[in-house]
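Here is what each chain is made of, one letter per residue.
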Amino acid sequence: MHEVFIVVFCVFAVVVEGWAHTTTVNRCIHSGGQPPLNAFVHGCTNPPCLLPQLDDLIVDVTFATPRNISEMTTLLTASFNIGGMQLNVPVDLGQNARTCNFLTLPPTCPIQSGENAQYRFKWRIEPFIAVGTQANVELSVVDNDRNNEVIWCIRLPIRILPPE
Ligand SMILES: *[C@@H]1O[C@H](CO)[C@@H](O)[C@H](O)[C@H]1NC(C)=O
């Protein structure tokens, strides 16, 4: 009886640990595409995610690979609600847009159909993004070989805080 309890407790602990590394994200509206298998915004389980200036926004994503993929691009769009109008602003990610350079599993492209790939997105919150800014951001990865078809996309509300 004792052993059964311990085993059940351990399984429960592992499951809870798994949940702790998930962020509740929304389906994208502007970019299209489906959510990935899992997304974890560091320091944020339940959005809005509060992002201090000068910190890195870090998002770990696990996604299924629907086909062989040799080249991908990461896109970030910020949507602002201005008097009921949605204003969608693409964010220039520079080198961080090169998805294949930031895969953690497999270490780089190509990724093969049927593999679950892991990817870490990192982006510094520059101080020109004003404290108090609120937006919905859509983070997506597109397949360059397939006319930039969206492989996955997440949407979440954020708010910018002063540096810590
Ligand atoms: C995907 O890549 C693997 C390994 O390179 C290859 O064996 C397979 O035929 C490819 N599949 C398709 C559909 O191209």
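Rules used in this analysis
- Residues numbered from 1 in each chain as written.
- Predicted model: local features only at pLDDT ≥ 70, side-chain atom pairs only at ≥ 80, totals over all residues.
- Heavy atoms only, no water.
- Helix = DSSP H or I, 4+ residues; strand = E, 2+ residues; numbered from the N terminus.
- Contact = heavy atoms within 4.5 Å.
- Areas by Shrake-Rupley, 256 points an atom, 1.4 Å probe, with all protein chains shown as cover.
- Pairing = 2+ DSSP bridges.
- Axes fitted to C-alpha atoms, helices over the stretch in contact; angles between N-to-C directions.
- Patch = residues over 30% accessible without salt bridge, like charges linked within 9 Å, V, L, I, M, F, W, Y side chains within 5 Å.
- Salt bridge = Lys/Arg side-chain N within 4 Å of Asp/Glu carboxyl O.
- Phe/Tyr/Trp six-rings, centres within 6.5 Å; stacked < 30°, edge-to-face > 60°.
- Buried < 20%, exposed > 50% of the residue type's maximum accessible area, 1.4 Å probe, protein only.
- Core = buried A, V, L, I, M, F, W, Y, C linked by side-chain atoms within 4.5 Å.

A. Focus on the overall build of the protein chain. A tally of helices and strands in the protein chain yields one helix and nine strands. Secondary structure elements of the protein chain, listed N to C terminal, follow the sequence α-β-β-β-β-β-β-β-β-β. A separation threshold of at least 6 residues defines the contact pool for the protein chain, and within that pool the share at least 24 residues apart is 66%. Carbon and sulfur atoms form 58% of the exposed surface of the protein chain, whose accessible area is close to 9600 Å².

B. The arrangement of the side chain of D143 in detail. Topologically, D143 is positioned in strand β8 (residues 134-143). Dropping the residues within four chain positions of it, D143 is found in contact with R67, I69, E71, N148, E149 and I151.

C. View of the sheet that holds strand β4 (residues 72-82). Pairing in this open sheet of five strands is mixed, and the strands run β2-β9-β8-β4-β5 from one edge to the other. Lying at the two open borders of the sheet, with one neighbouring strand each, are β2 (49-52) and β5 (85-91). The average undirected angle you get between the axes of adjacent strands in this sheet is 35°. In the sheet, β2 pairs with strand β9 (residues 149-161) via four bridges, with the strands oriented parallel. If you follow L50 over to β9, its bridge partner there is R159.

D. Structural view of a nonpolar patch on the surface. Taken together, the side chains of I82, L87 and V89 present a nonpolar region at the surface, about 240 Å² in accessible area. Relative to the helices and strands, V89 is located in strand β5.

E. Broad picture of the packing of aromatic side chains. This structure, assessed with the given rule, holds two aromatic pairs. On the basis of an interplanar angle of 50° and a centroid distance of 6.3 Å, the ring pair of Y119 and W152 is categorised as tilted. With Y119 in strand β7 (residues 116-124) and W152 in strand β9, this residue pair connects regions lying 33 residues apart in the sequence. Each member of the pair, Y119 as well as W152, is classed as buried. Taken together, F63, Y119 and W152 form an aromatic cluster joined through their ring pairs.

F. Representation of the pattern of salt bridges. Enumeration over the complete set of coordinates arrives at six salt bridges. We note a salt bridge from R146 to E149, for which the minimum N-O separation is 3.5 Å. Take R146: its relative accessible area is 43%, and that puts it in the partly exposed class.

G. Examining the nonpolar core more closely. Ranked by size, the top nonpolar core spans 35 residues in total, and within it V59, F63, M72, Y119, F121, W152 and I158 carry the most contacts. Sorting the residues of this core by element identifies β1 (38-41), β2, β3 (56-64), β4, β7, β8 and β9 as the ones contributing at least two each. A per-element tally of this core places β9 first, with six residues.

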